[in-house]
Amino acid sequence: MQKPQVILVALVCAFAFLAHADDDNAKKKAEEQSEIRTNTQKILQRLYKAQPAAQGAVANGAGYAVFSNAGVKILFAGSGKGEGVAVDNKTKKETFMKMVELQAGLGFGVKKFSVIFVFDNDKVRDSFINSGWEFGGQATAAAKTADKGGSMAGATSVSDGVWMYQMTDKGLAAEITIKGTKYYKDGDLN
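Values in this document were obtained by computation on a predicted structure and should not be read as measured data.

Calculation rules
- Residues numbered from 1 in each chain as written.
- Predicted model: local features only at pLDDT ≥ 70, side-chain atom pairs only at ≥ 80, totals over all residues.
- Heavy atoms only, no water.
- Core = buried A, V, L, I, M, F, W, Y, C linked by side-chain atoms within 4.5 Å.
- Buried < 20%, exposed > 50% of the residue type's maximum accessible area, 1.4 Å probe, protein only.
- Helix = DSSP H or I, 4+ residues; strand = E, 2+ residues; numbered from the N terminus.
- 1 Å grid on protein atoms, 1.4 Å probe; cavity = no way out; pocket = protein on both sides within 12 Å on 5 of 7 lines; lining within 4 Å.
- Points joined across faces, edges and corners; volume = space filled by probe spheres on them.
- Nonpolar A, V, L, I, M, F, W, Y, C, P; charged D, E, K, R; others polar.
- Pairing = 2+ DSSP bridges.
- Salt bridge = Lys/Arg side-chain N within 4 Å of Asp/Glu carboxyl O.
- pLDDT = per-residue confidence, 0-100.
- Contact = heavy atoms within 4.5 Å.

**Student:** Help me out: how do you make sense of the nonpolar core in this one?
**Tutor:** Generally speaking, a soluble globular protein has its nonpolar side chains buried in company with each other. Of all hydrophobic cores here, the largest spans 20 residues; its most connected members are Leu44, Leu47, Ile116 and Tyr165. Mapped onto this core, the elements with two or more residues apiece are α1 (3-50), α2 (53-60), β1 (63-88), β2 (94-119) and β6 (162-168). Tallying contributions element by element places α1 first for this core, with 5 residues. If you look at the next biggest cluster of nonpolar residues, it comprises 17 residues, including Ala86, Ile129, Val158 and Met164.

This is the structure:
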């Protein structure tokens, strides 16, 4: 084989390899997105069973975000991570996101929980999605539902226009803690 033919064969093989790698990446991305969508629907169904009024709140808000999280705490430090999706209720556009958590304080154990945010308006939803969101300090959210009536029963106001439900394996959490938690877009899945 002459040198130009060898180079041509090598280039064809390289492009075929890259095309296959792109197909594998696209398939993996679609599988991960599908898994998050399925998990989101399961979490929402559990929420609606535990708090039926939440279904109307989620449907009537500007949007919502659902995250599945797992954390570990050993002695004085803990961390967690999770993934989820934020949805614009008008356009149905999905934005896949990640979550990381750091905490300090005495404790030991593994905790799995789900977080559902409901956004009252486009501005707070878009800010959450595009700028990320960070909760810090020793914040324990206090329940505030008086101005929303029963539609937000079981939710906690965590910021102006943002409501949060937290679910454990046993149901709706009585107290919501948001210590050193950051939510941000998933660069691989969007």
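**Student:** I would appreciate a short explanation of empty space enclosed by the protein in the present structure.
**Tutor:** Taken as a whole and judged by the stated rule, the model has 2 cavities of 30 Å³ or more. Space inside the second largest cavity adds up to approximately 30 Å³. Those elements that place two or more of their residues in the lining of the second largest cavity are α1 and β1. Per-element tally for the lining of the second largest cavity: the top contributor is β1, with 5 residues. Split by residue class, the lining of the second largest cavity holds 4 nonpolar, 4 polar and 1 charged.

**Student:** Help me out: how do you make sense of unusual backbone geometry in this one?
**Tutor:** A negative phi angle characterises most non-glycine residues, just as the trans form characterises most peptide bonds. For lysine 92, which is not glycine, the phi torsion reads 65° and is therefore positive. Relative accessible area serves as the criterion here: at 55%, lysine 92 is assigned to the exposed category.

**Student:** I would appreciate a short explanation of the pairing of strand β5 (residues 156-159) in the present structure.
**Tutor:** In summary, the side chains of a regular strand alternate between the two faces of the sheet. In terms of strand pairing, β5 meets β6 through 3 bridges, oriented antiparallel. When the sheet's bridge partners are listed, serine 157 is paired in β6 with tryptophan 163. In textbook terms, the turn of a hairpin is the stretch between consecutive antiparallel strands, and for β5 and β6 this stretch comprises 2 residues, one of which, glycine 161, has a positive phi near 85°.

**Student:** Can you walk me through the pattern of salt bridges in this structure?
**Tutor:** Any two side chains of opposite charge can pair, so long as their charged atoms come close to each other. Applying the stated rule across the entire model yields 6 salt bridges. When the shortest N-O distance is used, the salt bridge between glutamate 94 and arginine 37 registers 2.8 Å. Here arginine 37 lies in helix α1 and glutamate 94 lies in strand β2, a separation of 57 residues in the sequence. For glutamate 94, a relative accessible area of 28% gives the class partly exposed.

**Student:** Where do I start with the confidence of the model for the protein chain in this structure?
**Tutor:** Low-confidence regions, as indicated by low pLDDT, have predicted coordinates that should not be scrutinised in detail. Put simply, the protein chain has an average pLDDT of 77, and 63% of its residues get 70 or more. The model gives residues 8-21 a pLDDT under 50, and that stretch makes 1 contact with residues more than four places away or in other chains. Low pLDDT (under 50) marks residues 137-151, which in the prediction has 26 contacts with non-local residues, meaning those over four places away or in another chain.

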